[in-house]
Amino acid sequence: MAARTKEYGVYIGGEWVDSSGKETFETRNPANERVLATFPNGTRKDVERAVAAAEEAYPRWRGYPAPRRAEIVLKAALVMEERKEELGALVTREMGKVIAEGRGDVQESIDFLKYISGEGRRLLGETTPSELPDKICFTLRQPKGVVGCITPWNFPTAIPSWKIGAALVCGNTIVFKPASYTPLCGAALMDVYEEAGLPAGVLNMVTGEGGVVGTAIVEHPKVRSISFTGSVPVGKEVYEKGARRMVHVHLELGGKNPIIAMEDADLDLLLEGILFGAFGTAGQRCTAASRLIIHEDIYDLFMDLFLARVARLRIGDPIDPKVDVGPVVSRDQMERVLNYIAIGKNEGAKLLCGGHRMTKGAYGKGFFIEPTIFLARHGMRIAVEEIFGPVLSVIKIKSFEEAVAVANDVEYGLSSSIYTRDINRAWRAIDRLEAGITYINAPTIGAEVHLPFGGIKNTGVGGREAGSTAIDEFTEIKTVFVDYSGRLQKAQIEEVKPPK
Ligand code: NAD
């Protein structure tokens, strides 16, 4: 492994090399703005070099049997397991989620890499009979080639691991672009794969601006597939560009996830669920519960309990295990969230708690926002747009029908939840909520890696990550017909007579 200082290069062909450009950017701890490392603002030329390295490595990686490829991915999981504390702390320092969640981010990576390494011995196709005698039909899965993986900052090891792990087992080589708030977590993954014995060139990483590095990956003629997780506006741009080149684009985008609380909800359970769902990761999860759609009959009773608990949440440096809520990831993100709080006030939503940046003492050095709750009305911007911060909109409803209508009336469809003791109503919610994921008596967060993950409407296009569907994103299906009759047989034309 090449010796490195805190000034990183780009990772191409198995080593850290200089970018072709001179510009750099810093990654900082959002709790105190301390600089953690410097990375290159990569260039189009860097992406070309990375794609060339991936292309060069592709035939050998593709030819290495899938079970063997999977062993390297499994080894990466074991390396991460060994380094879990260190990596978890890195996630917390660079991204700002509390340390328990920092470890959780790494654990999710480990879990997924272990799960997907099992695919090395499956990667199943199907076999079927033929309509003609002495002929057999089957499908097999083949890698796509060089794939581009572009990721956000909120799960800085888990989301890259979902993409990289699946792409590798399937036999692809990769150009990876991490989010610019969390490149150090990306760099740590390069170390992990090096330690796991991944051949040089199979996985390459270029940091830098989305509009430059991301665009260069998406537009590169040799990149055969794009796996993108991020915001809807950028996702649309990526989709359009991919369509122009006719390449597969998989998008995992935003959410405005509702928890529906019916009048028969278990209020203690609901309380724990909404606290974790709305303010875990300071609300910066694509699956965060950003709407509480609550029956008017329990509103007063529940909100008293809820506001009292929110007032006791400990906000601070996320590396401190006693802290419940850390900072948001950056100054820009903080401004965006504060802007939404101002929008909420202007559109007449009632501020029930929070609503400010915290600036006293050590807070002033970081990007801390008070957990904020509005009593809103459906249709207000804060009640339908993704804020991606510790801001919850509470919406009162009178019936189950109204709750489902409100829940569904947004552009997103990622996660959803209902708290009720009525089993029939729970099943109706499973049927009718327009979302890729539905939880019953649990909050909107908490995905498990062996199940498909993703959403509908503006949340996603192109399949599901994780679970048994993860390999669909990174393989092409080849359909094979083997005719062992020794003569030309014509499907649809030849008459096959019944036996006498
Ligand atoms: P973002 O869209 O700003 O950026 C995502 C990635 O795309 C980054 O690496 C960024 O540098 C890159 N990028 C930016 N412009 C680009 C361009 N023009 N072409 C190609 N790449 C470009 O999102 P973010 O702020 O990093 O992440 C937050 C968003 O991600 C939220 O909307 C959240 O809901 C979503 N998200 C979705 C899921 C999911 O699985 N559905 C999971 C996590 C986060």
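The coordinates are above.
The structure displayed is predicted, hence computed values, not measured ones. (Residues numbered from 1 in each chain as written. Predicted model: local features only at pLDDT ≥ 70, side-chain atom pairs only at ≥ 80, totals over all residues. Heavy atoms only, no water.)

**Q** Where do I start with the overall build of the chain in this structure?
**A** The number of helices and strands found in the chain is 15 helices and 22 strands. Against the 2.2 N^0.38 benchmark of 23 Å for 500 residues, the chain shows a C-alpha radius of gyration of 24 Å, consistent with a compact globule. In terms of its C-alpha atoms, the chain occupies a principal-axis envelope of roughly 80 × 70 × 40 Å. Taken over 500 residues, the chain has a buried fraction of 57%. For the chain, restricting intrachain contacts to residue pairs at least 6 apart in sequence, the fraction spanning at least 24 positions comes to 74%. Total accessible area computed for the chain in this model is approximately 20,900 Å², and 52% of it derives from carbon and sulfur atoms. Across the chain, the centroid of the 61 positively charged side chains sits 2 Å from that of the 65 negatively charged ones. (Helix = DSSP H or I, 4+ residues; strand = E, 2+ residues; numbered from the N terminus. Rg over C-alpha atoms; globule rule 2.2 N^0.38 Å. Buried < 20%, exposed > 50% of the residue type's maximum accessible area, 1.4 Å probe, protein only. Contact = heavy atoms within 4.5 Å. Areas by Shrake-Rupley, 256 points an atom, 1.4 Å probe, with all protein chains shown as cover. Lys, Arg positive; Asp, Glu negative; His and termini not counted. Charge placed at Lys NZ, Arg CZ, Asp CG, Glu CD.)

**Q** Could you clarify how one ought to interpret the site of the ligand in this entry?
**A** Near the ligand there are 28 residues, and of these T151, S231, L253, C286 and E386 occur at the shortest range. L253 places a polar main-chain atom, nitrogen or oxygen, 2.7 Å from a nitrogen atom of the ligand. If the ligand stood free it would expose 840 Å²; the protein chains cover 88% of that surface. Elements supplying a minimum of two residues to the shell around the ligand: helix 7 (210-219), strand 10 (223-229) and helix 8 (232-245). Top element by residues in the shell around the ligand is helix 7. It accounts for four residues. Of the residues contributing to the shell around the ligand, the split by class is 14 nonpolar, ten polar and four charged. When residues of the shell around the ligand are assigned to domains, at least three fall in each of domain 1 (6-253 + 459-479) and domain 2 (257-440). (Near = heavy atom within 4 Å. Polar contact = N/O pair within 3.5 Å; in protein donor to acceptor, adjacent residues only side chain to side chain. Nonpolar A, V, L, I, M, F, W, Y, C, P; charged D, E, K, R; others polar. Domains from an automatic or database assignment.)

**Q** Please explain the sheet that holds strand 5 (residues 127-129) as it appears in this structure.
**A** By definition, the strands of a sheet pair up through backbone hydrogen bonds, in either a parallel or an antiparallel sense. With antiparallel pairing, three strands are arranged side by side in an open sheet as 5-6-22. Edge positions in the open sheet fall to strand 5 and strand 22 (475-483), since each of these has one partner strand only. This sheet shows a mean twist of 20° between the axes of neighbouring strands, independent of strand direction. Pairing between strand 5 and strand 6 (residues 135-143): three bridges, direction antiparallel. Paired with T127 across the strands is F138, a residue of strand 6. (Pairing = 2+ DSSP bridges. Axes fitted to C-alpha atoms, helices over the stretch in contact; angles between N-to-C directions.)

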